[in-house]
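In case you want the letters, here they are:
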Amino acid sequence: MSIYNTTVFMPSEFTLIGIPGLESVQCWIGIPFCAMYLMAMIGNSLLLIIIKSEHSLHQPMYIFLGMLGVTDIALSTSIVPKMLGIFWFHVTEIYFDCCLLQMWLIHTFQGIESGILLAMALDRYVAICYPLRHAAIFSHQLVTQIAAMVTLRAAVLVAPCLVLIKFRLQFYHTTVISHSYCEHMAVVKLAAENIRVNKIYGLFVAFTVAGLDIVLITLSYIQIFITVFRLPQKEARLKAFNTCVAHICVFLQFYSLGFFSFFAHRFGSHIPPYIHILFSSTYLLVPPFLNPLVYGAKTKQIRVPMVKIFGSKNLL
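Since the structure is predicted, the reported quantities are computational estimates derived from the model, not experimental observations.

Caption draft 1: Quick look at the overall build of the protein chain. Secondary structure assignment for the protein chain yields 11 helices and five strands. Computed over its C-alpha atoms, the radius of gyration of the protein chain comes to 21 Å, within 12% of the 20 Å expected for a compact globule of 316 residues. Out of the 316 residues belonging to the protein chain, those deemed buried represent 50%. Accessible surface computed for the protein chain: about 15,600 Å², of which carbon and sulfur atoms make up 69%. The positive charge centre, built from 20 side chains, and the negative charge centre, built from 12, are 13 Å apart in the protein chain.

Caption draft 2: Up close: the nonpolar core. Phe14, Phe64, Leu65, Ile165 and Ile177 are the most contacted members of the largest nonpolar core, which has 91 residues in total. Broken down by element, this core gets its largest block of residues, 15 residues, from helix α4 (residues 96-129). Here isoleucine 177 is in contact with Phe14, Thr15, Leu16, Ile17, Cys99, Cys182, Ala186, Val187 and Leu190, once residues within four sequence places are set aside.

Caption draft 3: Layout of the state of the cysteines. This model, assessed by the stated rule, comprises one disulfide. Here cysteine 99 pairs with cysteine 182 through a disulfide, and the sulfurs are 2.0 Å apart. Judged by the sign of its S-S torsion, about -120°, the cystine formed by cysteine 99 and cysteine 182 is left-handed. Remark: cysteine 182 occurs in the loop between β5 (176-177) and α7 (184-188) and cysteine 99 occurs in helix α4; sequence separation between them is 83 residues. Overall, cysteine 182 belongs to the buried group, its relative accessible area being 0%. Summary of cysteine pairing: cysteine 27 is not part of a disulfide, and the nearest cysteine sulfur, belonging to cysteine 34, is at 13 Å. Residue classification places cysteine 27 among the partly exposed positions, given a relative accessible area of 34%.

Caption draft 4: Quick peek at a nonpolar patch on the surface. A surface patch of nonpolar side chains, amounting to about 620 Å² of accessible area, comprises Val25, Trp28, Ile31, Trp88, Phe89 and Val91. When contributions to the nonpolar patch are tallied by element, the ones reaching two or more residues are α1 (26-53) and α3 (80-89). Mapped onto the fold, phenylalanine 89 is located in helix α3.

Caption draft 5: Broad picture of the sheet that holds strand β2 (residues 13-16). Spatial strand order, β3-β2-β5: three strands in an open sheet with mixed pairing. Among the strands making up the open sheet, the edge pair consists of β3 (93-95) and β5. Pairing between β2 and β5: two bridges, direction parallel. Note that in β5 the partner of threonine 15 across the bridge is valine 176. Seen against the sheet, α4 touches β2, β3 and β5 and runs at an angle of roughly 85° to β3.

Conventions we followed
Residues numbered from 1 in each chain as written. Predicted model: local features only at pLDDT ≥ 70, side-chain atom pairs only at ≥ 80, totals over all residues. Heavy atoms only, no water. Helix = DSSP H or I, 4+ residues; strand = E, 2+ residues; numbered from the N terminus. Rg over C-alpha atoms; globule rule 2.2 N^0.38 Å. Buried < 20%, exposed > 50% of the residue type's maximum accessible area, 1.4 Å probe, protein only. Areas by Shrake-Rupley, 256 points an atom, 1.4 Å probe, with all protein chains shown as cover. Lys, Arg positive; Asp, Glu negative; His and termini not counted. Charge placed at Lys NZ, Arg CZ, Asp CG, Glu CD. Core = buried A, V, L, I, M, F, W, Y, C linked by side-chain atoms within 4.5 Å. Contact = heavy atoms within 4.5 Å. Disulfide = S-S within 2.5 Å. Patch = residues over 30% accessible without salt bridge, like charges linked within 9 Å, V, L, I, M, F, W, Y side chains within 5 Å. Salt bridge = Lys/Arg side-chain N within 4 Å of Asp/Glu carboxyl O. Pairing = 2+ DSSP bridges. Axes fitted to C-alpha atoms, helices over the stretch in contact; angles between N-to-C directions.

Below you can see the structure in the form of C-alpha cells.
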C-alpha cells in the first residue's frame, strides 16, 4: 500500500494543540504569558512615546531602540492572541495559509530583531572606537538605509520557506501541530515527503541571519572592550562600559534562548516536548517583555522621562 493512502493531501487547516503534555494546565500557563504580553505592549509603547517626544533622543542609538520596540510589539502580537485562544478558549484550528502567514511574520520579525541588535552593536562600536566620526558615519540617511536593509533581508530570506512548504509538501502524516504557534520545523516535520531541502534552507536562513549577526556583534564588542580597557581614566572606562551594558544583556538573552529553541527542534529528540515548547514560547515573549525594563533601568536618558510619566521623582 502506498504511503499516500494513509496521509492527508494538501490540508486546508492545521490543529495547534498548545503545549503537549500540559493541556490540562494550559489555562493557568496562559496567565503569565498574557501578563508578559501586556507588559511588553505597555513598556514598548512607553518607550516609543518617550523616544518620539524627547528631541535629545533623536539619535541613532535610540532610533534603533525605537525600531526594536516596534518589532517587539509586532512579534508578540503575531503569537500571543492565537496562543491564548488555544489555552483559554480551545480555538485550536488555524487555516493552512494563515499558519504560513503566522510563520512568516514570526521568523521575519525575529530576523529583523537580530538585524537591529547588530545595528545597535555597530553604533556602539563606532561611538566608542571612533567618537569624532560617529555623527558623520551614522547619519539619519544611513539609519534609514539600515532599517530598510534589515527588514528586506529578513522578509526576503524567510519567504522561500513558505514557498517550499506550499508547493513542495503536499502530503502530511497528520494535521496536528504539537506546538502553540506555527513554527517552521514544527510544520515541516508533519510532511510525509522528503523534507531535506526544507531543512537545509531553514539552516541556511538561520546561519545567514542569526549566525552572521552574532559573529559580527561578538567581534564588535570584543573591539569595544579592547578600546575601553585602553582608556587611561577609570571613570571614562566605566562610562563607556555602562553605555553597552543594556545592549549586552539584551543580546545575551535573545540569542541564548533562540539558539536553544533552534537546536532543540532539530537535534533535541531526547528533550521532553513540553520543555521545548515552553522554552520556544518563552523565547518569543521574554525579549519584548524585558527589553523596555532593561533599557529603562540602564539608560538614564530613558529612565528619567519614564519616571516623570509615573510622577515618582524619588526614584531618580
